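Listed below, chain by chain, are the residues.
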There are 2 protein chains.
Amino acid sequence: MIKIAIAGYGNLGRGVECAIAQNPDTELYGVFTRRNPSDVKTLKEDTKVFSLNDIENHKENIDVVILCGGSATDLPVQTPKLAESFNVIDSFDTHANIPKHFKNVDAAARKAGKVAMISVGWDPGLFSLNRLYAQAILPDGKDYTFWGKGVSQGHSDAIRRIDGVLDARQYTIPVEAALEAVRSGKNPELTTREKHTRECFVVAEEGADKARIENEIKTMPNYFADYDTTVHFISAEEMERDHSGIPHGGFVIRCGNTGLNNEKTHIIEYSLKLDSNPEFTSSVLVAYARAAYRMNKEGISGCKTVFDVAPAYLSPMSAEELRANVL
Amino acid sequence: MIKIAIAGYGNLGRGVECAIAQNPDTELYGVFTRRNPSDVKTLKEDTKVFSLNDIENHKENIDVVILCGGSATDLPVQTPKLAESFNVIDSFDTHANIPKHFKNVDAAARKAGKVAMISVGWDPGLFSLNRLYAQAILPDGKDYTFWGKGVSQGHSDAIRRIDGVLDARQYTIPVEAALEAVRSGKNPELTTREKHTRECFVVAEEGADKARIENEIKTMPNYFADYDTTVHFISAEEMERDHSGIPHGGFVIRCGNTGLNNEKTHIIEYSLKLDSNPEFTSSVLVAYARAAYRMNKEGISGCKTVFDVAPAYLSPMSAEELRANVL
């Protein structure tokens, strides 16, 4: 059994707790938290909770630590730190900062002889894999990534910071006509506005100026100004009843040509439709924890991404079973 | 530049000839044929053609040989033989015989210190990868593979062997209602008949008994008896005009559940829509030729499948470029 620890216990940590139980060869060692351990209520009654400050003392008992903190401030510090003692997996998702994060984590993991996998999840993660495979196979082509329909935490938070807003939920929605244009094989040039729309559900304070709130949302630079945005004001009860889930998903589509004169067209499409973004991401993290454990057993160390992991490492099946049953 | 040789020059060999030209880091060394080389007319004028009997004499000049023969009789002999001297790639696609083929090829490749990749293409190949990734991520679920709409060479050949048939083309078509049932997340049990239909276009000899031919097709065991099959009799001109392409494609869909009580549903879907089955397969073969060359440079040897290849090996980009641009 691969003994996995969870560092950080929010939505992602809870998802990992469930995912470990679904796999035949993984077991949960415990949750490590910055909070007072006795204040943390876990989903499963028998889950042990420890202080993150004490994690070094458990070094001999843990095969892999899955970091479940945020990319903004937690992971840039925690991943290199924990890679000094453990095989680690994180879901660092600030695309622009990946090269820097990689460098910091790689130095720590190499020194310790551990495997540290960063940016594991679905984007970055499975979507990245599909971009790579499709680009390598159809070099003469173009790929497109669409996100949604799903909740964007960052955009929801941006609305919540507006004066007079009590709660908000923002859905990113791919434009069906854009998807169809891509699938037609015409390799269209699409603007930001043509690819996605944004739909916002807002609970306003009593007496708040809704017209002003709506205008502030729709004109917010970077977040909303470049999109067709719709705003719906709803009650706190409606928010709780209709928008408490965290669904997400999306599409990676590459269209490319082959032949002596590029006369043949091929479409590769990958899509996800997820009831729960954090639970699905957690499931990806646990599969890569298996890979990290196995790769480290073979003497591999350093920072890795999904690009560096041979698929066979992810499956609990043996190489023989995979060839006989899955190939 | 990675110097690639093609062994066998049919549809697949022609596809490889085109695909090599599309990649920035591959070049075609030449075509090796069992025919008289002067009888082989290549797509590109400057492609050199040699006798397959002489391939050993070119050993020092070739980095990878892509085998473009058939799975029934060519590859079981050729792949182990050529793996004694070269890094090789084949598209061996008789699923049931993969373990045996692997064993034969592995022994030869290990002894020679070469990399031999077998069963590369889209099924086995990309579809296999998607089954593996999806199963590893959603262990509590079920996956489905649908093929088509596309031409099945084996089924077309089976019809051609019927007395009175001059030519035939068989399309395998996934049943839309079955696809929708799978995408709904209900994990339906589907019979062979419920998943695919078969549509046949037949050119009959003048005066042939069409009712008998149609009946022989529809009742043919293994090939058609378990399917809803439609048969259209057409002229040789219509066959040439409307059915000269070799399109194919299909879907791998996995639906799985997560959560404390499996209450969340996730759908992972991968699909291909290909104008030309052999040209697309060729493109996959060339990407894996790059991987074989690189892996062998690193000292790796033996028989490999797509499961054993870390995705980064497939891309002409460096690891740094991939992390910055594709992850």
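Everything discussed here concerns the structure shown above.
None of these values were measured; they are calculated from a predicted model.

1. Points about the interface of chain A and chain B
Phase 1: Counting residues at the interface gives 67 residues for chain A, matched by 67 residues for chain B.
Phase 2: Of the roughly 5,700 Å² buried between chain A and chain B, counting both surfaces, carbon and sulfur atoms make up 65%.
Phase 3: Summed over the shared surface of chain A and chain B, the number is zero salt bridges.
Phase 4: At the boundary of chain A and chain B, one finds 25 residue pairs in polar contact (both at pLDDT 80 or more).
Phase 5: Of all elements in the fold, only α1 (11-22), α3 (98-112), α4 (126-137), β12 (248-258), β13 (264-274), α10 (277-297) and α11 (319-325) of chain A reach the threshold of two or more residues within the side of chain A that touches chain B.
Phase 6: Among the elements that make up the side of chain A that touches chain B, the one with the highest residue count is β13(A) (11 residues).
Phase 7: Here the residues of the side of chain A that touches chain B sort into 36 nonpolar, 18 polar and 13 charged.

2. Focus: the sheet that holds strand β4 (residues 64-67) of chain B
Hydrogen bonding along the main chain pairs the strands of a sheet, whether they run parallel or antiparallel.
All names here are of chain B.
Phase 1: Spatially, the seven strands line up as an open sheet ordered β3-β2-β1-β4-β5-β6-β14, and their pairing is parallel. Sheet topology places β3 (49-51) and β14 (302-304) at the edges, where each strand pairs with a single neighbour. Ignoring which end each strand starts from, the neighbouring axes of this sheet average 25° apart.
Phase 2: For strand β6 (residues 115-117) and β14, the ladder comprises three bridges, and the chain directions are parallel. Residue Val-115 lies in a different strand from β14, and its bridge partner there is Gly-302.
Phase 3: The strands touched by helix α3 (residues 98-112) are β6 and β14; relative to β14, the strand with the most contacts, the crossing angle is about 135°.

3. Details of the relation of the copies chain A and chain B
Phase 1: When chain A is fitted to chain B, the best match, at an RMSD of 0.0 Å, comes from turning it 180° and sliding it 0.0 Å along the axis. A rotation of that kind, with that shift, is consistent with a two-fold axis. Identified as the residue of chain A closest to the rotation axis by C-alpha distance is A:Ala310, at 1.9 Å.
Phase 2: When the interface residues of chain A are mapped onto chain B, 100% of them are again interface residues, pointing to one common binding face.

4. Focus on the sheet that holds β13(A)
Phase 1: Sheet architecture is open: six strands sit in the order β7(A)-β12(A)-β13(A)-β13(B)-β12(B)-β7(B), paired in antiparallel fashion. Each edge of the sheet is formed by a strand with only one pairing partner; in this case those strands are β7 (141-147) of chain A together with β7 (141-147) of chain B. Each adjacent strand pair in this sheet contributes to an overall mean axis angle of 5°, direction not counted.
Phase 2: In this structure, β7(A) lies alongside β12(A), joined through seven bridges in antiparallel fashion. Within the sheet, the bridge partner assigned to A:Lys142 lies in β12(A) and is A:Cys255.
Phase 3: Helix α6 (residues 176-183) of chain A contacts β7, β12 and β13 of chain A of the sheet and is inclined by roughly 25° relative to β12(A).

5. Let's talk about helix α2 (residues 74-82) of chain B
Phase 1: Taken as a whole, α2(B) has its buried residues at B:Asp74, B:Leu75, B:Gln78, B:Thr79, B:Pro80 and B:Leu82.
Phase 2: At its buried positions, α2(B) is contacted by β1 (2-7), β4, β5 (87-89) and α3 of chain B.

6. Regarding the nonpolar core
Phase 1: The biggest cluster of nonpolar side chains holds 153 residues, and the ones touching the most others in it are A:Tyr288 and B:Tyr288.
Phase 2: The leading source of residues in this core is α10(A), at 11 residues.
Phase 3: For B:Tyr288, the residues in contact, after removing those within four places along its chain, are A:Tyr133, B:Ile89, B:Met117, B:Val120, B:Leu129, B:Val306, B:Val309 and B:Leu314.

7. Here we look at the pairing of β1(B)
Residues and elements named next belong to chain B.
Phase 1: Judged by how many residues are buried, β1 sits mostly within the fold: five of six residues are covered.
Phase 2: Taken together, the six bridges between β1 and strand β2 (residues 26-33) define a ladder with parallel strand orientation. Across the sheet, residue Lys-3 finds its bridge partner in β2, namely Glu-27.
Phase 3: Handedness of the crossover joining β1 and β2 through helix α1 (residues 11-22) is recorded here as right-handed.

8. Section: the side chain of B:Thr305
Phase 1: The residue B:Thr305 is located in the loop between β14 and α11 (319-325) in this model.
Phase 2: By relative accessible area, B:Thr305 is classed as buried at 1%.
Phase 3: Residue contacts for B:Thr305: discarding those within four places in its chain leaves A:Arg323, A:Leu327, B:Phe102 and B:Ile118.

Rules of the game
- Throughout this description, residue numbers start from 1 for each chain and increase along the sequence as written.
- Chain A is the first chain written and ligand 1 is the first ligand written, with later ones labelled in order.
- Only residues with pLDDT of at least 70 get local features here, since the model is predicted, and only at 80 or more are side-chain atom pairs given and counted; chain-wide, interface and lining totals rely on the full set of residues.
- Note that the side-chain values use all heavy atoms of the structure and ignore hydrogens as well as water.
- Note on definitions: a residue-residue contact is assigned when non-hydrogen atoms from the two residues lie within 4.5 Å.
- For any pair of parts, buried area is found by adding up, for both, the accessible area (1.4 Å probe) each one loses once the two are put together.
- Put simply, a salt bridge is a Lys or Arg side-chain nitrogen that is within 4 Å of an Asp or Glu carboxyl oxygen.
- Definition of a polar contact: a pair of N or O atoms within 3.5 Å, with one able to donate and the other able to accept a hydrogen when the atoms are protein atoms, and with sequence-neighbouring residues admitted only if both atoms are side-chain atoms.
- Per the convention used, a helix needs a DSSP run of H or I reaching at least four residues, while a strand needs a run of E reaching at least two, with both numbered from the N terminus.
- Any residue that is not Ala, Val, Leu, Ile, Met, Phe, Trp, Tyr, Cys, Pro, Asp, Glu, Lys or Arg is counted as polar, Gly included; the first ten are nonpolar and the last four charged.
- A pair of strands is considered paired only if DSSP assigns at least 2 bridges between the two.
- Axes here refer to lines fitted to C-alpha atoms; in helices the fit is confined to the stretch in contact. Angles between the N-to-C directions go from 0 to 180 degrees.
- Least-squares superposition aligns the copies on the C-alpha atoms of those residues with pLDDT at or above 70 in both.
- Residue exposure (1.4 Å probe, protein chains only): buried if accessible area is under 20% of the type maximum, exposed if over 50%, otherwise partly exposed.
- To form a nonpolar core, buried Ala, Val, Leu, Ile, Met, Phe, Trp, Tyr and Cys residues must be joined to one another through side-chain atoms within 4.5 Å.
- A crossover counts as right-handed when, viewed with the strands pointing away from the observer, the path leading from the first strand over the helix to the second turns clockwise.

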